[in-house]
Amino acid sequence: MSEKTPLLHYRLTSSDSPPTRVESTHSGCKDKGVRKLGVVFGVVVPTLLSMFSVLVFLRIGFVVGQAGLYQSIAMFLVAYFIVTLTVLSICAISTNGALDTGGAYYMISRALGPEFGGSIGIMFFFANVCGSALYVLGLVEAIMSTFGIPEEAVAGPHQVLPSGYWWSLLYGTALLFLCFIVCLVGTHIYAKAIFIIVIIVAAVLATIFINFFIARPIVVVLPNSSGLNSSSMSTANYTGFQLHTLEGNLMPNYTVDYSTGATMTFTTVFAVMFNGCTGIMAGSNMSGDLKNPSYSIPRGTLAAVLTTFITYNLLSLLAAWSCDRHLLQKDYSFLGDINIWPPLVTIGIYSSAMSAAMSNLIGASRVLYALSKDGLFGGVLALAKKTSLSGNPWASVLASWLLVQVVLFAGKLNTIASIVTIFFLLVYAAVNLACLALEWASAPNFRPSFRCFTWHTCALGILGCLVMMFLINAIHAFASIAFMLLLLMLIHYLGPISNWGYISQALIFHQVRKYLLMLDARKDHVKFWRPQLLLMVANPRSCTNLMTFINDLKKSGLLVLGHVKLGLLDGLPFDPLPSCYDLWLSLVDHLNIKAFVNLTLSDSVRHGVQSLLFITGFGGMRPNTLVLGFYDDCTPQDELKGQILLSAGHDLDAASPNTAPREPWSPFFPYVRCAEELKDLPDHEYVSVIADAVKMGKNVILARYFNQFNRVEVLEPGIKIGRYRGMNGPFVDVWPLNLLQPDSLGYVDTCSLFLLQLACVLKESRAWSQARLRLFLCVESDRSLKGKEEEAKKLGVMLKELRISAQVQMVEWDQVVALHWQRRREGCNLVESAQNVERRERPDEECQEDGFQTFPNNDDLLTDEYICAVNELIRRHALPQPAVRFLYLPRPPADTSRYRAYLHQVDVLSRDLGPTLLIHGVTPVVTTVL
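A look at the overall build of the protein
Part 1 of the argument: Within the protein, the regular secondary structure consists of 29 helices and 14 strands.
Part 2 of the argument: With 930 residues in all, the protein has 54% of them scored as buried.
Part 3 of the argument: Intrachain contacts of the protein at a sequence separation of at least 6 include 81% that bridge at least 24 residues.
Part 4 of the argument: Entry remark: accessible area of the protein is about 41500 Å², with carbon and sulfur atoms responsible for 61%.

Right under this line is the structure:
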């Protein structure tokens, strides 16, 4: 018995052929890159050949024989529903702008960004490489089945080709080399080749349809599935159009597949059938050669999908109506047995397999060329950019051919065939995701002329592709997704920054805008208060330690880095701020802090800070606290000297990349000022900034000595316990009393509660979770022990109600207070001699002047001796040394002439205390109510 027409293994995947012609990069050959393909030969023909593949010749009988006509039609409906959803997304993206070489890779990368596009592009490239090898090996098996010399049986007259692994490899190499020559010459030769192939396939399909109506009932000898040495022979019937034959093929009858020995189920048959429904991107990947891609791709792809759907269903109906179940299940090549000229079907099988191998090879080369041109992998793919004078990427074709040749050495590729199909499905899912993201982002520039889609179709397309991936092979599906995520991370961390636009930014903008509108400032409540900080930075070189600390202090709040550049637009040729933003954002990335940047141009620092306080933020996200560095005579230290900017790989002392070629050399940020240089901000203006913030209802924090703050030494658990750390973590000291106004001994005012809240927020941040709060309670030594205990108990109850865990320490400060009262009595006696009798009769009341309390005019009463004593008191109760201190900052005086004295008092109070925050709170921030 002669061998039957060979069977290509049912796991062979269909191909996506993107035979696009790349625009020539040669300056003198621009006229050779003219697009000249239309709808039919540019889209319909490649898509038809890719979707038909070998399923139409070898697997229609398999599907109907196992699943029955009803379930076969249901399978096609489900499969084409999934495919059509993806086609709608392809049409939408392709009609939203000009497409370049790369097909699916170009669509995904320009929509989802380089990470997604690069990872999907690599997977698409490998899928095409392996797909080309699969079809070449499948064609070799088909040829050897018909013309190869059998190893143990008697050879027929037409079986003349030697068989064996090395012979099969030689035949495969020869066929692949033929495909390579066609692809190397150019797409015009490929177009002529597929024109011939499509004529052959169309002729074969026409004879198949005609033969169903003219062929008489015959008995077909089935392939020998019992072994080569077996003399048994089985037959089946081709009955022609008979009603009882149709009735017998309506319902499913899953059996053992004679070619693989595996028992078939609905999912396995569906997976086999679905392989013939893919290949939908062959036309869209021709975008580089189409005259009008926006016109051709939607019409051509939809026409090809509709044609294949009708063809498959008609063939299924005709096969179920004319062939008995045994013939459909045991002979996958029955179309050749019942044909008027059996070799014609064999020619169709060879032609479709050759076309699929060629399509995958040229598709792989185009994707590789597009990846190399985009430079996502640096110099690794540099050689693949080489093109001929006509624009053909011969280097990419050569590399793809070599890789396919390497895969051919594996011989049988059934083990990886399913993952190739899964790779294609993952690409389809990514196209749907790109369309979904563009639709959700509501970007004004996304307005495709093809409108027959919604976000629902995109989401269903993604779901359908993912379900199909896991139906075909769950293990390979997981492996392909993991491989894609690995590539995505590699490109994210190692790839260059692109200028394609990132869909993630558009989506974030869309969602943030929506939620900002919902964040109504009128609905703010104290129990949901959180710090929203505006940190003013004069020169980031001298305050990186402060920026990292304030980043911890904000916890889940808002942090904005503000900077005032002195100058006016009237004297400048252009706005200097936009070129500075990238440098500041790079610094934010380098310090690994979560902060926004807001810069302004002003004639003075005070006016600049006012502008930032007025305009920074949106809706309910506006700074409620101003953070300033302390105004003292310390020489700034360069904390960025010698550091490398991680995000860009630049030395922070090297020339800024934003510096124009003709401009003088400048570092990323100006160097810190020398001790002899004058400050841009006078001391009077500095206090005015504080007073302005208080008037605007903003809390104020002054940060001092944070050039001494070493975050690693303080927080890292691996650091040996030192001066900052106790057994359980660093100490944070809180002095909630206004030490510059000892008259008021109350701890429960807005400012002191604000100090406690900020200290608690710092402790609740992840980095400071092991910190220990120390709260210092100032008492008089002559008070009874019971009185001291009651005071401590009262404070403890308040801390318990506020849910703040702190260690309370008693501090006796009689000697310090005595200095103040002694000076106060002297001051009041001087006042009495100049005031009326009524004033002298109230010696115990606070001295007042023009309606202001004593403290604003208290410069003469608060001597340096007293303030130094307070400073010494704080330092005396600082063992172990705290990591940071929180001190009460008095309100600036109403009399502007006393600003310099106010700043001097605060300076003496906080001198040599190490990292210190002087805090003035004006808003309620704590509550005991649930």
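Some details on the sheet that holds strand β6 (residues 625-629)
Part 1 of the argument: Strands sit in the order β5-β4-β3-β6-β9-β14-β13-β10-β11-β12 across an open sheet of ten strands; the sheet is mixed. If you trace the sheet from one side to the other, it starts and ends with β5 (596-602) and β12 (807-812), each paired once. Across the sheet, the mean angle separating the axes of adjacent strands is 25 degrees when strand polarity is ignored.
Part 2 of the argument: Note that strand β4 (residues 558-566) and β5 share seven bridges and pair parallel. Within β5, the position partnered with Leu561 by the bridge is Val597.
Part 3 of the argument: Against the sheet, helix α22 (residues 683-695) contacts β6, β9 (699-704) and β14 (916-920), and its axis sits at roughly 170 degrees relative to β6.

Considering the packing of helix α4 (residues 104-112) against helix α5 (residues 114-147)
Helix-helix packing: each pair is described by the crossing angle between the helix axes and the interaxial distance.
Part 1 of the argument: At their nearest, the axes of α4 and α5 sit 7 Å apart, and the two run at 160 degrees to each other. Classified by the angle their axes make, α4 and α5 are roughly antiparallel. Here α4 and α5 pass one another in a crossing that is right-handed. Across from Ala104, Tyr105, Ile108, Ser109 and Leu112 in α4, the residues of α5 making contact are Pro114, Phe116, Gly117, Gly118, Ile120, Gly121 and Phe124.
Part 2 of the argument: Looking at side-chain class alone, the contact of α4 with α5 contains eight nonpolar, four polar and no charged residues.

Brief notes about helix α1 (residues 39-52)
Part 1 of the argument: In this model α1 runs 18 Å from its N-terminal to its C-terminal C-alpha over 14 residues, within 8% of the 20 Å that 1.5 Å per residue would give.
Part 2 of the argument: Helix geometry: α1 is bent most strongly at Val45, by close to 25 degrees, with proline Pro46 lying one to four residues after it.
Part 3 of the argument: With eleven of 14 residues buried, α1 is to be regarded as a mostly interior element.
Part 4 of the argument: Turning to α1, its buried residues number three or more, namely Gly42, Val43, Val44, Val45, Pro46, Thr47, Leu48, Leu49, Ser50, Met51 and Phe52.

Things to note about unusual backbone geometry
Part 1 of the argument: Along the chain, Leu879 connects to Pro880 via a cis peptide bond; the corresponding omega equals -5 degrees.
Part 2 of the argument: Inspection of the secondary structure assignment puts Pro880 in the loop between α28 (864-876) and β13 (884-888).
Part 3 of the argument: Here the phi dihedral of Asn592 falls at roughly 60 degrees; this positive angle occurs in a residue that is not glycine.
Part 4 of the argument: Along the chain, the position of Asn592 falls in the loop between α20 (578-591) and β5.
Part 5 of the argument: For Asp912, which is not a glycine, the phi torsion comes out positive at approximately 60 degrees.
Part 6 of the argument: Structurally, Asp912 can be placed in the loop between α29 (899-909) and β14.

Here's the deal with the pattern of salt bridges
Part 1 of the argument: The full count for this structure, using the stated rule, is ten salt bridges.
Part 2 of the argument: Put simply, Arg541 and Asp638 hold a salt bridge, and the shortest N to O gap is 3.2 Å. In this pair, Arg541 is assigned in the loop between β3 (532-536) and α19 (544-554) and Asp638 in the loop between β6 and β7 (644-645), connecting sequence segments 97 residues apart.
Part 3 of the argument: Classification of Arg541 as buried rests on a relative accessible area of 0%.
Part 4 of the argument: Here the residues in one salt-bridge network are Asp632, Arg704, Asp907 and Arg911, joined through shared partners.

Structural notes on the packing of helix α21 (residues 605-615) against α22
Part 1 of the argument: Put simply, α21 and α22 touch, their axes get as near as 9 Å, and they point 20 degrees apart. When the axis of α21 is compared with that of α22, the two are roughly parallel. In this structure, α21 crosses over α22, and the sense of that crossing is right-handed. Across from Val605, Arg606, Val609, Gln610 and Leu613 in α21, the residues of α22 making contact are Glu685, Ser688, Val689, Asp692 and Ala693.

What about the state of the cysteines?
Part 1 of the argument: As enumerated under the stated definition, the model contains zero disulfides in all.
Part 2 of the argument: The thiol of Cys179 is not disulfide-bonded; the next cysteine sulfur, from Cys183, is found 6.6 Å away.
Part 3 of the argument: Overall, Cys179 belongs to the buried group, its relative accessible area being 0%.
Part 4 of the argument: Among the cysteines around Cys458, which has no disulfide bond, Cys435 carries the closest sulfur, lying 3.5 Å off.

So, the pairing of β5
Part 1 of the argument: Most of β5 sits out of view: five of its seven residues are buried.
Part 2 of the argument: This β-α-β element, β4 to α20 to β5, shows right-handed connectivity.

Observations regarding the environment of Arg299
Part 1 of the argument: If you trace the backbone, Arg299 turns up in helix α10 (residues 293-322).
Part 2 of the argument: Residue Arg299 is classed as partly exposed on the basis of its relative accessible area, which comes to 44%.
Part 3 of the argument: Expressed as a C-alpha distance, the spacing of Arg299 and Val40, which sit 259 residues apart in the sequence, is 9.5 Å.

Observations concerning helix α9 (residues 266-275)
Part 1 of the argument: Of all ten residues in α9, seven are buried, a share of seventy percent or more.
Part 2 of the argument: Every buried residue belonging to α9 is among Val269, Phe270, Ala271, Val272, Met273, Phe274 and Asn275, and all of these are buried.

Re the nonpolar core
Part 1 of the argument: Within the largest apolar cluster, 157 residues are counted, with the highest numbers of intra-cluster contacts made by Phe57, Ile280 and Met281.
Part 2 of the argument: With 18 residues, the top contributor of residues to this core is helix α3 (residues 60-94).
Part 3 of the argument: Dropping the residues within four chain positions of it, Phe57 is found in contact with Val201, Val204, Leu205, Ile208, Tyr332, Leu335, Val345, Gly348, Ile349 and Ser352.

A few points about the packing of aromatic side chains
Part 1 of the argument: For the structure on display, the rule yields 26 aromatic pairs.
Part 2 of the argument: An aromatic cluster of three or more residues is present, and its members are Phe76, Tyr80, Phe309 and Tyr312.
Part 3 of the argument: A cation over a ring is seen here: Arg774 above Phe731, with NZ or CZ 4.4 Å from the ring centre.

A look at the side chain of Thr311
Part 1 of the argument: Here Thr311 is to be found in helix α10.
Part 2 of the argument: Judged by its relative accessible area of 11%, Thr311 is buried.
Part 3 of the argument: A polar contact is formed between the side chain of Thr311 and the backbone oxygen of Thr307, at a distance of 2.7 Å.
Part 4 of the argument: If sequence neighbours within four positions are ignored, Thr311 has contacts with Phe52, Val56 and Phe209.

Things to note about the confidence of the model for the protein
Part 1 of the argument: Predicted confidence across the protein gives a mean pLDDT of 79, with 79% of residues reaching 70 or more.
Part 2 of the argument: Confidence over residues 830-857 falls short of pLDDT 50; this stretch has 33 contacts with residues more than four positions distant or in other chains.

A look at a nonpolar patch on the surface
Part 1 of the argument: Taken together, the side chains of Ile210, Phe213, Ile214, Ile340, Trp341 and Ile347 present a nonpolar region at the surface, about 650 Å² in accessible area.
Part 2 of the argument: Among the elements that take part in the nonpolar patch, helix α7 (residues 187-214) stands out by supplying three residues, more than any other.
Part 3 of the argument: Looking at the secondary structure, you find Phe213 in helix α7.

Re the environment of Thr301
Part 1 of the argument: Summarising the element assignment, Thr301 is placed in helix α10.
Part 2 of the argument: For Thr301, a relative accessible area of 0% translates into the label buried.
Part 3 of the argument: Along the primary structure Thr301 and Val45 are separated by 256 residues, whereas in three dimensions their C-alpha atoms are 9.5 Å apart.
Part 4 of the argument: The contacts of Thr301, once residues within four sequence positions are left out, are Val43, Val87, Ile280 and Ser296.
Part 5 of the argument: A polar side-chain atom of Thr301 sits 2.8 Å from the main-chain carbonyl oxygen of Ile297.

Conventions we followed
- Residues numbered from 1 in each chain as written.
- Predicted model: local features only at pLDDT ≥ 70, side-chain atom pairs only at ≥ 80, totals over all residues.
- Heavy atoms only, no water.
- Helix = DSSP H or I, 4+ residues; strand = E, 2+ residues; numbered from the N terminus.
- Buried < 20%, exposed > 50% of the residue type's maximum accessible area, 1.4 Å probe, protein only.
- Contact = heavy atoms within 4.5 Å.
- Areas by Shrake-Rupley, 256 points an atom, 1.4 Å probe, with all protein chains shown as cover.
- Pairing = 2+ DSSP bridges.
- Axes fitted to C-alpha atoms, helices over the stretch in contact; angles between N-to-C directions.
- Parallel < 35°, antiparallel > 145°, perpendicular 65-115°, else oblique.
- Left-handed = near helix turned anticlockwise from the far one by under 90°.
- Nonpolar A, V, L, I, M, F, W, Y, C, P; charged D, E, K, R; others polar.
- Expected span 1.5 Å × (residues − 1).
- Bend = angle between axes of the 7 residues up to and from the residue.
- Salt bridge = Lys/Arg side-chain N within 4 Å of Asp/Glu carboxyl O.
- Disulfide = S-S within 2.5 Å.
- Right-handed = clockwise from strand over helix to strand, strands pointing away.
- Core = buried A, V, L, I, M, F, W, Y, C linked by side-chain atoms within 4.5 Å.
- Phe/Tyr/Trp six-rings, centres within 6.5 Å; stacked < 30°, edge-to-face > 60°.
- Lys NZ or Arg CZ within 6 Å of the ring centre and 35° of its normal.
- Polar contact = N/O pair within 3.5 Å; in protein donor to acceptor, adjacent residues only side chain to side chain.
- pLDDT = per-residue confidence, 0-100.
- Patch = residues over 30% accessible without salt bridge, like charges linked within 9 Å, V, L, I, M, F, W, Y side chains within 5 Å.

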